[in-house]
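Topology and contacts: notes
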Amino acid sequence: MSQQLIALVAIAYLLLLFAVAYLVEHGTGRLSRLTGSPLVYTLSLAVYCSSWTFNGGVGVAARSGLDFLPIYLGPTLAFCLGPFVIRRIVRISKANRITSIADLIGARFGKSGGLAALVTVIAVVGLVPYIALQLKSISSGFAALTGTAAASIDKPVLLDEALWAAVLLTIFAMLFGSRSIRPGEHHPGMVVAVALESILKLVSLTAIGLFIGYGLFHGFGDLFTRAAAIPSLAAVLAPPPGHFGVGWMTQILLAGLAILCLPRQFQMLVVENTDERHLDRAFWQFPAYLLAINLFVLPIAVAGRLMLPADTDPDNFVLAVPLVAGQPMLALVAFLGGLSAAASMVVVETTALSVMVCNDVVMPALLRIKRLGLADRSDLTRLLLWVRRAVMAVVMALGYLYMRHDSAQFALVSIGLTSFVAVAQFAPAMLGGLFWSGASKVGAIAGITAGFVVWCYTLLLPSFVQSGAVALDFVANGPFDIDLLRPYALLGLAGLDPVTHSAFWSLLVNVGAFVLVSLAGREHPVERARASVFVSESSDTALIWRRTAPVPELMSLAGRFLGRERAAAAFTDWARTRGLDPEGATLADAETVLFYERLLAGVIGAASARVLVGAVVEEETIGVDEVMRILDETQRVIEANRQLEEKSQALEAATTELQQANSRLKVLDRLKDDFVATVNHELRTPLASIRAFSEILRDNPELAATDRLEFLRIIVAESERLTRLINQLLDLSKIEAGGAFPAENAPVDLVRVVRESTAAMGQVFAGAGVGLDLSVDVDPALVTGDHDRLVQVVINLLGNAAKFSPPRTGRAELRLRQVGGEFELSVADNGPGIPPVDRDVVFERFRQLGDPMTDKPQGVGLGLAISQRIVAQHGGRIWIEEAAGGGALFKIRLATRPVPIAAAAMPA
Amino acid sequence: MLRRKARRDRLVGLFFAGVVLLDPPLLNLVNGALLGWPAPYVYLFGVWAFLIVGVALVGRVEGAR
């Protein structure tokens, strides 16, 4: 095929892609709806499959069989953990408007500009070989297709296809990746174009695979059987025992880290993610894509080995096999597939790198140079775009130079792995930073720097050797013939392939420095606070950093980088969600400042945004004491909270007590009403009879003398009853008011009390026809108290016994004995007794047992109440039991009076 | 919460299963040919497909609920 035709087809294809991208971003039809599709998102992740996959994979397979696979198994394993690792990265990045991996690492460690710049520089240096790989692949594919000499290193520069490929790809990268400044660095057109390229990659490799399997051979079994017959192919099909070793495992690890750390993967996976839910499908669909695209790699490689001359570059088998088979159209499709792979990688990678360099290196530097006055310029979007375009051109130029200079001798895959080891240096700081709040900025800088230096020494530097830039014996003998410093066998660690060797040393040094420095360094509390806020995925950082600024200033600042309308629209949206009036706001609070900072971070990166916003914001410089004070305040709030809780519990307890008291009061109130009614009734009854008999006496002067005498006797009796009632009432109130102890505090002999009472009540018992037995077991029985009151109690109890015992058959017993340190007085009768439920209530005032409506009250109802209070005042107890004969048994216990030994020894 | 944890545990289980099955020394045990196809080729793609189906199923269980 002629060179012109192929070049035209290639350019036409790229233009078609650009048209699609343009329509996606500007059209309103079906194409623009593609941007929100999870399938497009998944396919865009397949930017991972560059020329390395498309051409290099077959190359590896042709040389050593299945060794191409770890590069895809690593991402598959990484995506198994995607729901925690990748989702977390995406969430944190969205919350902080992260635009690149350098931005993420810089933002995690205190929005550190220096760290972000370091990551950016390493990314650029590390990825130059990778970009060179794509250029080499395109040019050698072009050469294979046109049948010209492949080794471009010998050609004049202007005739080099790789140069033209580089120029073309640079232009396309600028068109796709830096046409306009958008908040959040979304490039929907680029995403859809890359997704289309991914489809073409898959389709063309599958088509070639199927053509080989069923067009050239009788199925893949036939292909493998024929290959197995050739001894030189045996190693490809059946690896020798113990073939898979440390190198295999290292490549799985490197690829698993690269899927997260490569700038273009970060761009597609995190920055271009429009909806977090797309991740759910991508977690299995992307590995499925990787599986599908690799399915026919081994058959193509085997077919190439069978069909092609031994000196064919295995990296070109994908093109060469269809050509040999007489299928130029299929070869052209394969070329376009390879072009897609290279173009998508170059476009996305340079876009990501240009954003990183622009946001994290160039802009912060330019903004710091006061003389340029950049911070005061009204529109910086054009400047941003041109900086990015310049970066793209420089990166591509570096890639081309590297390829011209160096890479002719290396297979595609070994160049790519060099880059993988470089970007793997970001993994400890990024993953450690996201999951370990103790990771410090100094640790991150130390780790990344150390790993990068080791990488340069063990992989990058030796790659210049064969081109003559470095002395040849550098690799073989080490610098200055120091054996221990040989770059491929550092400290004598020989026997590993260079990539495994470099990966081991660089990651060991990296992780070691990162962890040790983080652990050893005393982290500033402010940094720690920032870290924990960042790691916690929360977006409430504003609450800690109190900053204010005038809204118009922030608005004009944002307008310079986003364009005025976009900035205004973004603020209006945001103000609406917070319920603010976008017109009315004049002074921005901390959250608004943070919003602007994140808005700007979406365009120029976190570090630059912090510098810019810092210029207009009045930030309270927050020192250690301030942080401590905030922590203190939090502590105090927690403490106050706890106290409040305690108080509310106490309050609750008090409330229940009050409720109980209230219900008791209600009962007492009812009792008081009963009391008043009873007193009323009790007083009125004798009064009424006194009055009635007095009136009879007054109105009937002719009454018989006996009648008159009888009436007068009743009047006297009723008066006495009235007096008694009043006395008792007075007694009760006196006792209740009297406090804890009786007025008298003298020794009282209970034996005397008992004898006096029985003597006084003798007539009553005789009159009621009730027998009274007396038994006194102790004599004397000395207690402390009031003699008369105790007599009153005993008389009262005896009176009750007389009253309630049945006439004639009634028997009462009064008993005095000693129980331990107390004397017990008991009065038993054989009356009806008191049911257990009533044994407490009888001691209440005016409480008389029986039905008040039908039974005639048999007493005032104050006796037991008075008795109980008197006993209580003597420090004793009174209660009721059931007597042997079913009657009531009242028991009183009073403490014995302490007696001097001499007195106790005296005979009674 | 429990379901989320169960899902996480399953994915971690898949990850470690993958690490063990796709790496030496187990990988070195697979040798020879299977119906004319190279056994390691069939084995690696088989385990790979198993992992993908596993991740898809764990995600689907979550999505269906």
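Residues numbered from 1 in each chain as written. Chains lettered and ligands numbered in written order. Predicted model: local features only at pLDDT ≥ 70, side-chain atom pairs only at ≥ 80, totals over all residues.

Looking only at helices and strands, one finds 35 helices and 10 strands in chain A. By the burial criterion, 44% of the 908 residues in chain A qualify as buried. Counted over contacts in chain A with a minimum sequence separation of 6, partners at least 24 positions apart contribute 81%. (Helix = DSSP H or I, 4+ residues; strand = E, 2+ residues; numbered from the N terminus. Buried ≥ 20, exposed ≤ 12 C-beta atoms within 10 Å, placed from the backbone. Contact = placed C-beta atoms within 7 Å.)

Helix and strand content of chain B: 3 helices and 2 strands. Listed N to C, the secondary structure of chain B is α-α-β-β-α in terms of helices and strands. Burial statistics for chain B: of 65 residues in total, 29% are counted as buried.

With that settled, the discussion passes to the interface of chain A and chain B. With 33 residues of chain A at the contact, the number on the chain B side is 30 residues. Those elements giving two or more residues to the side of chain A that touches chain B turn out to be helix 5 (70–80), helix 6 (82–96), helix 11 (219–228), helix 13 (246–261) and helix 15 (278–294) of chain A. By residue class, the composition of the side of chain A that touches chain B is 26 nonpolar, 6 polar and 1 charged. (Nonpolar A, V, L, I, M, F, W, Y, C, P; charged D, E, K, R; others polar.)

All names here are of chain A. Contact pair helix 11 / helix 16 (residues 297–307): the axes reach a minimum separation of 10 Å and the direction vectors enclose 50 degrees. By the angle between their axes, helix 11 is oblique relative to helix 16. Helix 11 and helix 16 meet at a crossing whose hand is left-handed. Touching F220, L223, F224, R226 and A227 of helix 11 are P299, V302, A303 and L306, all from helix 16. Here the residues of the contact of helix 11 with helix 16 sort into 8 nonpolar, no polar and 1 charged. (Axes fitted to C-alpha atoms, helices over the stretch in contact; angles between N-to-C directions. Parallel < 35°, antiparallel > 145°, perpendicular 65-115°, else oblique. Left-handed = near helix turned anticlockwise from the far one by under 90°.)

The next subject is the packing of helix 22 (residues 441–463) of chain A against helix 24 (residues 498–520) of chain A. Residue and element names in this part refer to chain A. Their axes nearest at 7 Å, the elements helix 22 and helix 24 cross at an angle of 160 degrees. Classified by the interaxial angle, the pair formed by helix 22 and helix 24 is roughly antiparallel. With respect to the hand of their crossing, helix 22 and helix 24 are arranged in right-handed fashion. Across the contact of helix 22 with helix 24, the residue classes tally to 16 nonpolar, 9 polar and no charged.

All names here are of chain A. Model confidence for chain A is summarised by a mean pLDDT of 81, while 86% of its residues fall at 70 or above. Per-element confidence in chain A ranges from a low mean pLDDT of 45 for helix 35 (residues 901–905) to a high of 94 for helix 5. A low-confidence stretch, residues 851–857 stays under pLDDT 50, and its non-local contacts, those more than four residues away or across chains, total 2 contacts. (pLDDT = per-residue confidence, 0-100.)

Residue and element names in this part refer to chain A. Pairing within the open sheet is mixed, and its 5 strands lie in the order 5-7-8-10-9. Edge positions in the open sheet fall to strand 5 (771–776) and strand 9 (877–882), since each of these has one partner strand only. If you compare each strand with its neighbour and ignore which way they point, the axes differ by 15 degrees on average. With 7 bridges joining them, strand 7 (residues 811–819) and strand 8 (residues 822–828) adopt antiparallel strand pairing. Across the sheet, R815 pairs through a bridge with S826, a residue of strand 8. Its contacts with the sheet place helix 33 (residues 787–804) against strand 7, strand 8 and strand 10 (888–895), and it is angled at close to 25 degrees to strand 8. (Pairing = 2+ DSSP bridges.)

The next subject is the pairing of strand 7 of chain A. All names here are of chain A. Sheet analysis places strand 5 next to strand 7, joined by 6 bridges and oriented parallel. Pairing of S775 across the sheet is with R815, part of strand 7. Here strand 7 hands over to strand 8 after 2 residues, with G820 in that stretch at a positive phi of 60 degrees.

To continue, consider unusual backbone geometry. Following D779(A), the chain continues into P780(A) via a peptide bond in cis, with omega recorded as 0 degrees. Following the sequence through the fold, P780(A) ends up in the loop between strand 5 and strand 6 (782–785). In this structure, P25(B) follows P24(B) across a cis peptide bond, with omega equal to 5 degrees. Note that P25(B) resides in the loop between helix 1 (2–21) and helix 2 (26–29).

Residues and elements named next belong to chain A. Here L34 is to be found in the loop between helix 2 (30–33) and helix 3 (38–45). Here L34 falls in the partly exposed class, since 19 other C-beta atoms lie within 10 Å of it. For the pair formed by L34 and P188, sequence separation is 154 residues and the distance between their alpha carbons is 8.8 Å.

Residues and elements named next belong to chain A. Counting 226 residues, the largest nonpolar core has I105, V119, C261, I300, A424 and L600 as its most contacted members. Considering each element in turn, this core owes the most residues, 22 residues, to helix 18 (residues 328–368). A802, F804, L816 and L864 belong to the second-largest nonpolar core, a separate cluster that totals 39 residues. (Core = buried A, V, L, I, M, F, W, Y, C linked by C-beta atoms within 7 Å.)

Structurally, I52(B) is set in helix 3 (residues 39–64). C-alpha of I52(B) to C-alpha of L14(B): the two residues are 38 residues apart in sequence and 9.5 Å apart in space. Not counting chain neighbours up to four residues away, the residues in contact with I52(B) comprise W284(A), P287(A), A288(A) and L291(A).

On to helix 27 (residues 564–577) of chain A. Counting along an α-helix, one turn takes 3.6 residues, and residues three or four places apart therefore face a common direction. With 14 residues, helix 27 of chain A extends 20 Å between its outermost C-alpha atoms, agreeing within 8% with the 20 Å of an ideal straight helix rising 1.5 Å per residue. The positive-phi residue at the C-terminal boundary of helix 27 of chain A is G579(A), with phi of around 70 degrees. (Expected span 1.5 Å × (residues − 1).)

Moving on, we come to the confidence of the model for chain B. Residues and elements named next belong to chain B. Residues with a pLDDT of 70 or more make up 88% of chain B, whose mean pLDDT is 83. The least confident element of chain B is strand 1 (residues 33–34), whose mean pLDDT is 78; the most confident is helix 2, at 87. The ipTM, which scores confidence in the relative placement of chains, is 0.94 for this predicted complex, and the corresponding pTM is 0.66.

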